[in-house]
Amino acid sequence: MRIINSDVLVIGAGLAGERTAIACAKRGLDVTILSLVPPRRSHSSAAQGGMQAALANTVMGEGDTPTVHWLDTVKGSDWGCDQEVARIFADNAPIAMREMAHFGVPWNRVKGGKQQVFIKGKKAEIEEDFANEGLITSRAFGGTAKWRTCYTADGTGHTVLYTMDNMVLQLGIPVHDRMEALRLIHKDNRCIGAIVRSLRDGEIMAYIAKATVIATGGYGRIYGESTNAVINEGTGSWLALQTGVVPLGNMEAVQVHPTGIVPTDILITEGCRGDGGLLLDVDEYRFMPDYEPEKMELASRDVVSRRMKEHMLKGKGVQSAYGEHLWLDLRQLGEHHLTTKLREVYDICMYFIGVNPITELVPVRPTQHYSMGGIRVNKDGQAYNMEGLFALGEVACWDMHGFNRLGGNSLAETVVAGMVVGKQVAAFANKAELNVEVTLAEEAADLERKKMDRLMNGDGQENVYALRDEIGRILTKYVHIFRTGEGLQTAVNELKIIVDRTKNVKVRTSAPGMNPELSIALRIEGMAKQAYVIAKGALDRTESRGAHSREDYPARDDKNWLNRTLVRWAEGEPDPVFDYEPVGLLDLPPGDRGYGGGHMIDMDISVDEYNKQVDPGQTTNGRLQPAEPTGTKLPKEAWRAKLEGKE
Amino acid sequence: MTSLHTELYPDAVSRHGKTSEAHRISRKALRDELISGLTGAILAAFIWFHLLFESSILFGRAAYDKLALLLEHPLPIAHVAVIGIGIVFFIHFIWASRKIPGKLQERKKMMELGISIKKANNRWQQDPKSDIRLRKHFETSLWIWQVRTGMIVLAAGAFHLVLVAWNIFTGMGIEGQTPGISAEIAVSRVESGLWILYLVLMITVVVHMSIGVYRLLVKWFADTWFVRKYARIIFYFLLWFFIIVGAATTLGLAGPWEGVLS
Amino acid sequence: MGRTLTFKIFRYNPTKLNDKPHVEAYRLEEIPRLNVFTALNMIREQQAPDLMFDFVCRAGICGSCAMVINGRPTLACRTLTADLPETIELFPLPFFKLLGDLSVDTGVWFREMGERLESWVHNHKEFDPQAIEERMDNETAIKIYNSERCIECGCCIAGCATAQVYPDFIGAAGLNRIGRFLFDPRDERGDQEWFELVSTDEGIFGCIGMMACDDVCPKDLPLLEVFAYIRRKVSGIAIKK
Ligand SMILES: Cc1cc2nc3c(=O)[nH]c(=O)nc-3n(C[C@H](O)[C@H](O)[C@H](O)COP(=O)(O)OP(=O)(O)OC[C@H]3O[C@@H](n4cnc5c(N)ncnc54)[C@H](O)[C@@H]3O)c2cc1C
Ligand code: HEM
Ligand code: HEM
Ligand code: SF4
Ligand code: F3S
Ligand code: FES
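Just so it is clear, the structure is predicted and the values come from calculations on it, not from any experiment.

A. Inspection of the overall build of chain C at higher detail. When you go through chain C residue by residue, the secondary structure sums to nine helices and seven strands. Residue burial in chain C is summarised as follows: out of 241 residues, 70% are buried. Long-range contacts, defined here as pairs at least 24 residues apart, represent 62% of the contacts in chain C between residues at least 6 apart. A total of about 7,900 Å² of accessible surface is found on chain C, and carbon and sulfur atoms cover 52% of it. Positive and negative side-chain charges of chain C, numbering 28 and 36 respectively, have mean locations separated by a distance of 3 Å.

B. Here's a closer look at the interface of chain C and chain A. The interface is formed by 70 residues belonging to chain C together with 77 residues belonging to chain A. Summed over both partners, the interface of chain C with chain A comes to about 6,000 Å²; 51% of that surface belongs to carbon and sulfur atoms. Between Arg200(A) and Asp105(C) there is a salt bridge; the shortest N-O distance is 2.5 Å. For the pair chain C and chain A, the interface holds 41 residue pairs in polar contact (both at pLDDT 80 or more). Breaking the side of chain C that touches chain A down by element, the ones donating at least two residues are helix H1 (36-46), strand E7 (103-104), helix H2 (106-116), helix H3 (138-148) and helix H6 (171-182) of chain C. A class-by-class count of the residues in the side of chain C that touches chain A yields 29 nonpolar, 14 polar and 27 charged.

C. Focus on the side chain of Asp78(A). Examined against the element boundaries, Asp78(A) turns out to sit in the loop between helix H2 (66-76) and helix H3 (83-103). When neighbours within four sequence positions are excluded, Asp78(A) is seen to be in contact with Arg545(A), Gly546(A), Arg556(A) and Arg593(A).

D. Quick look at the nonpolar core. Of all hydrophobic cores here, the largest spans 159 residues; its most connected members are Leu40(C), Leu90(C) and Phe227(C). Ranked by residues supplied to this core, first place goes to helix H6 (residues 183-221) of chain B with eleven residues. Leu90(C) has contacts with Phe7(C), Lys8(C), Ile9(C), Phe10(C), Val36(C), Leu40(C), Met67(C), Val68(C), Ile69(C) and Leu102(C), leaving out every residue within four places of it along the chain.

E. Focus on the sheet that holds strand E7 (residues 149-150) of chain A. Residues and elements named next belong to chain A. A sheet is described by the order of its strands in space; here three strands give the open sequence E3-E7-E6, paired in antiparallel fashion. Edge positions in the open sheet fall to strand E3 (51-52) and strand E6 (138-139), since each of these has one partner strand only. Note that E3 and E7 share two bridges and pair antiparallel. Residue pairing across strands places Met-51 opposite Cys-150, the latter belonging to E7.

F. Representation of the coordination of the iron atom of ligand 2. Residue and element names in this part refer to chain B. Binding of the iron atom of ligand 2 to the protein goes through His-50 (NE2) and His-160 (NE2), at separations of 2.0 to 2.1 Å. Coordination at the iron atom of ligand 2 comes from six donor atoms whose angles at the metal span 84 to 179 degrees, giving a geometry best classed as octahedral. In this pair, His-50 is assigned in helix H1 (residues 21-54) and His-160 in helix H5 (residues 139-169), connecting sequence segments 110 residues apart. Under the relative-accessibility criterion, His-50 is labelled partly exposed at 22%.

G. Structural view of unusual backbone geometry. Residue and element names in this part refer to chain A. Following Val-262, the chain continues into Pro-263 via a peptide bond in cis, with omega recorded as 5 degrees. By the element assignment, Pro-263 lies in the loop between strand E13 (254-261) and helix H6 (271-274). Unlike most non-glycine residues, Asn-385 shows phi in positive territory, near 70 degrees. For Asn-385, the position within the fold is in the loop between strand E17 (374-376) and strand E18 (389-391). The phi dihedral of Asn-515 falls on the positive side, at around 45 degrees, and the residue is not glycine.

H. Examining the pairing of strand E1 (residues 4-11) of chain C more closely. Residue and element names in this part refer to chain C. Taking burial as the measure, the eight residues of E1 include six buried ones, the bulk of the element. Inspection of the sheet shows E1 paired to strand E2 (residues 22-29) by eight bridges, in the antiparallel sense. Bridging from a neighbouring strand, Phe-7 pairs with Tyr-26 of E2. As judged from the four bridges shared by E1 and strand E5 (residues 87-91), these two strands associate in the parallel manner. Pairing of Phe-7 across the sheet is with Ile-88, part of E5.

I. Examining the site of ligand 2 more closely. Residue and element names in this part refer to chain B. Residues in close proximity to ligand 2 total 24 residues, the closest being His-50, His-160, Arg-189, Tyr-198 and Gly-246. Within the side chain of Tyr-198, one N or O atom sits 2.4 Å away from an oxygen atom of ligand 2. Elements that contribute at least two residues to the shell around ligand 2 include exactly H1, helix H3 (77-96), H5, H6 and helix H7 (228-253). Counting residues per element, the shell around ligand 2 draws most heavily on H6, at six residues. When its residues are assigned to classes, the shell around ligand 2 shows 17 nonpolar, five polar and two charged.

J. Spotlight on the packing of aromatic side chains. Summed over all chains, the structure comprises 22 aromatic pairs over all chains. Pairing Phe287(A) with Tyr291(A) gives two aromatic rings, centres 6.3 Å apart and planes at 85 degrees, and the pair type is edge-to-face. The exposure classification of Phe287(A) matches that of Tyr291(A), with both residues buried. A centroid spacing of 5.2 Å and a plane angle of 90 degrees characterise the contact between Phe95(C) and Phe96(C), whose relative ring orientation is edge-to-face. The exposure class assigned to Phe96(C) is buried, which follows from its relative accessible area of 7%. Of the aromatic side chains, those joined through ring pairs into one cluster are Phe95(C), Phe96(C), Trp109(C) and Phe110(C). The ring of Tyr532(A) carries Lys496(A) above its face, with NZ or CZ at 5.4 Å from the centroid.

Here is what the cut-offs are and how they apply
All residue numbers refer to positions counted from 1 along the written sequence of the respective chain. A letter from A marks each chain and a number from 1 marks each ligand, given out in the order of writing. Where local features are concerned, this predicted model is filtered to residues with pLDDT of at least 70; where side-chain atom pairs are given and counted, the filter is 80 or more; whole-chain, interface and lining totals use all residues. Note that water and hydrogens are dropped before the side-chain values are worked out from all heavy atoms of the structure. A helix here means a DSSP run of H or I that spans at least four residues, while a strand means a run of E at least two residues long, and both kinds are numbered starting from the N terminus. Burial here depends on accessible area, computed with a 1.4 Å probe over protein chains only, as a share of the maximum for the residue type. Under 20% is buried, over 50% is exposed, and the range in between is partly exposed. By definition, residues are in contact when any of their heavy atoms lie within 4.5 Å. Only the protein chains shown count as covering a residue, and every accessible area follows the Shrake-Rupley method with a 1.4 Å probe. Asp and Glu count as negative and Lys and Arg as positive, but His and the ends of the chain are not part of the count. In this description, the location of a charge corresponds to atom NZ of lysine, CZ of arginine, CG of aspartate or CD of glutamate. Note on definitions: buried area is the accessible-area loss of two parts on being combined, 1.4 Å probe, summed for both. Here a salt bridge means any side-chain nitrogen of Lys or Arg lying within 4 Å of a carboxyl oxygen belonging to Asp or Glu. Counted as a polar contact is a pair of N or O atoms within 3.5 Å, where, for protein atoms, one must be capable of donating a hydrogen and the other of accepting one, and residues adjacent in sequence contribute only when both atoms are in side chains. Classes in brief: Ala, Val, Leu, Ile, Met, Phe, Trp, Tyr, Cys and Pro nonpolar; Asp, Glu, Lys and Arg charged; the others, Gly included, polar. In this text, buried Ala, Val, Leu, Ile, Met, Phe, Trp, Tyr and Cys residues form a nonpolar core when linked through side-chain atoms within 4.5 Å. When DSSP locates at least two bridges between a pair of strands, those strands are taken to pair. In this analysis a donor is any N, O or S atom within 2.8 Å of a metal ion (3.2 Å for sodium, potassium and calcium), and since water is not included, sites may seem incomplete. All geometry calls rest on donor angles, where a four-donor set with angles between 85 and 135 degrees is tetrahedral, four- and six-donor sets with opposite donors more than 155 degrees apart and all others between 65 and 115 are square planar and octahedral, and all else is irregular. Think of it this way: one heavy atom of a residue within 4 Å of a molecule or strand is enough to make that residue near it. Pairs were defined over the aromatic rings of Phe, Tyr and Trp, the Trp ring being its six-membered one, requiring ring centres within 6.5 Å. Orientation was assigned from the angle between planes: stacked under 30 degrees, edge-to-face over 60, tilted for the rest. Counting as a charge over the ring demands two things of the Lys NZ or Arg CZ atom: a distance within 6 Å of the ring centre and an angle within 35 degrees of the ring normal.

Here it is in structure tokens:
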């Protein structure tokens, strides 16, 4: 078996992975990046809308500060986030945007003078300050108090990823593409690398490193119907779950985006609504102001998706051969806007469904979009219970998103986390010692070889694609926008059976090389088990918070459920183990989000009492000690100063 | 961020300025391109005037002779031109053919691709309702035709040049004939069977010239107001205008249409 | 509707002993709004489990799925079968290294191209986390973005006859990449460096104006415009000296 050594192994070449690699390489470390696909094809490139950072350059962002951004993020998360992490994020986001500008991102810029824009669906005129001309501009996004989302037309993820990858090129960091990490090599809670399968020729290799970073993005494809790329099959979070000691956090927190197009589920960016797109029902009536008079189309995603579903349940949906949907109306934006600033959207509508958004309505429906949950890490990005393992980006539960992420916050998270976590990874790798035990790698590889042998030559009967479709169907049916105890119980029962059935998968072809069917067969166990923990976590959480919305428990329950779900599942064990830990230190006490309605069950202890439980509560669950003690980055009562206008 | 400046390929970009090898190669490449382009442009302009000049036969021999005289007296324009154009013709041939793939294998590859893309258009049904229509593509085959016609122009044009040079400087060994172009000689030459050659030369040179001008315009000016669409209109205009004028002239020189317009 | 489609697919697995390139036919009932992405997955799941092809975003934005469909290099994921006749021929992109069946290695080629052209902003300034960003006017930003939109799908290389014949030619995507940095005021590369980089037969003068790149580019990049700009810029530099 070939063994490849480096100081730092980064699994995943999306924004999060590449930014970390850059941080390490600049500190003189020898880094290797792995990716399923050439780095620029990573799913980060598909993000269109933009990245949030409180730059306050446009008039509509006047008065914006990291504190306001932080407030929006915490509210958006429905208080499910780690407020300290959200703080670190909001404070660093402007620096990250400027750094990306320095690296070469062609951000759209402020143009001085009068501009025609749309505010709350109506034409309006704003006047930009000439003093800010040429600085990075922003657009509106859902759930934000200010215009804060930096963008390059509607190719933000694309330009940022290309620029990031240019830096990787410049630093000469090797990227091994078409490589899939199958299993972590670890012993005694120390991770030393990963077993990797080449998707070019099927070769099994070991990558050994002092520090291993997982940045593999979301797991949306477990849902089948998803806006995610087809490679987002949860292979990264599976690496962690498989260890049996590293917990996944808040797996039930799955975001459904209001506007996936029908029928292909491709995302229409939130930027469309930010720029003035409206949601209409079967009568072409604009219904959002009735539900959300304040934010209208621009409430947070969980709320808009829920309202859309509610409205459809009232019989106001449009019936089509592909099921029920609503309309997104972009016509008033005009041809120029649609073919320049929203050009990708225009192309998608034209090519994939043959709808011309300049003159026609776009059919949309809420679609699975983002996974807030993932590998649970501390504020330095270190995985719980496992030294030498880091995670960041969408795959991680760093936890600035809690139960609902704001649009534009995740792309920004990848870059900010890359800076922050990357520094810690480098610090760790710089002082870490490594005794490579080749036998350990061989053992881990053998497990995978056995698995492959079973899949290819065993006497199973199951068809992997059928199982995959089944998992997607169950999740989409029962673990979506609205959840009920009954439905979730059905999902849990059915998924349990599917987890067992994955053991009997049989690959039909013995073709050498990458063998596409074998590749997916290797992933199916992870997909089934993750689907199971998503459903089980949702069943056990008897409240509604953010994207997790229970019809039988409609209230947000801060008394019992102001916590984070953690789940571990050791190999060979029939059932996963669930634990709960405090969400983190509270600065902004739980309160009303200002949109979404619903009622709350208040905490029965004071914020101080809650905060006292945080450190011990998290440490017993395996959190490693961060470089700086918990709470150092959370300025006390900053929100109060902000609300009282003292900042 | 101190050592961000890696130089992976020092040869690709060398920072030694004017005297470096890279600089020399770059200058040569630019010079080559300018030479083939400019000579092409000169030849194109020459052909425009030349074909218009020849078309005067349609107004009768007198008109033709008058023009011919103008080109020989008082200044020996024709004498200079025949040498000059001969040189330009030769230079153009040498420099332009550097782009023609030398190996048969390579040429085959290009042809195949050209044909494949061309055929592809026929195999894609186009939905007239759709805004995003597949645009037609035929420029690759145009280029192949430019090479093919270039070859014919090389042979036929060279023969013609020698012929007229001989004519301009000598009496071509004919008793009593003064050096210089005249309608009488021209017509007698063409009538006696050379019209086939002239027809072929005319068609190939017009095709070659129109494609050449089209590509020159796109290559150098596509980012100005002068976009490809307009270049294409010019291409069709040049092609059909000169084919018609040329064909009429051939008919004129060959007899039937001589002086029809007078 | 209700057509039965025949997909004629190029098959060859280089890792398989004694495998020879050949074309195999698969039949499929057409469903409304079927695109080649869905069709290929259906074929793989039901008929040919070892069929290799690449899709990532399935939304026309990542550039993974370029292939030659009925003779034309284009993105498979956004090609609707309704636009095609009943027989659909699928071939891998020519020029690039074949990994198997319809899958080719565009990634490595583009990576090498990026290294060769030093595809990054050459800037010796240190980043100052405290300072506000350098200004740039919005028109310039948009101009850069228009070239930056390239998704590295490789259609332009596959469609360009010159690129097939001269493997060292950086191709339309490469020239476009140069344009992207030429437009960028942050890039400190001087006239001489640009001149030496692009004024070569592998660079701008490798292009003889076949225009196929412009015709097949699924992103409708203004390729010819970028080339014309570069041509004149390069000549301008030479004249200035
Ligand atoms: C359609 C869409 C639009 C979006 N728009 C926005 C937006 O406008 N604003 C915003 O803030 N967010 C947006 N998001 C969310 C955001 O794009 C993602 O959360 C973010 O890009 C994730 O980045 P990442 O680096 O964590 O992962 P990714 O970019 O997904 O990268 C994952 C990497 O890991 C590799 N990988 C995966 N598994 C393995 C394995 N087993 N072995 C080796 N390598 C592996 C992959 O090859 C890939 O390189 C959008 C998401 C979608 C789906
Ligand atoms: C300065 C140099 C040239 C001179 C003086 C010249 C002169 C003539 C003359 C006198 C004729 C009439 C026929 C004849 O007398 O044989 C003629 C015809 C023609 N020449 Fe030239 N020629 C020159 C260069 C060229 C070149 C370089 C080309 C193209 C390669 C060319 C293409 C033609 C064609 C196509 C015709 C026929 C026109 C028709 O039938 O429509 N000539 N030329
Ligand atoms: C000796 C015979 C000739 C041959 C073999 C020949 C061949 C070629 C070739 C191969 C090209 C393409 C070069 C490139 O794209 O870089 C070309 C370009 C061109 N030729 Fe000719 N040619 C000949 C004569 C002529 C004549 C007589 C004319 C004038 C009518 C002409 C006008 C042009 C023009 C305008 C171009 C475009 C230049 C460019 O694209 O850079 N050629 N020729
Ligand atoms: S220029 Fe166009 S065709 Fe070429 S790689 Fe880029 S997007 Fe594809
Ligand atoms: S097809 Fe090729 S020759 Fe030039 S114009 Fe495009 S690169
Ligand atoms: S799969 Fe991404 S462009 Fe087709």
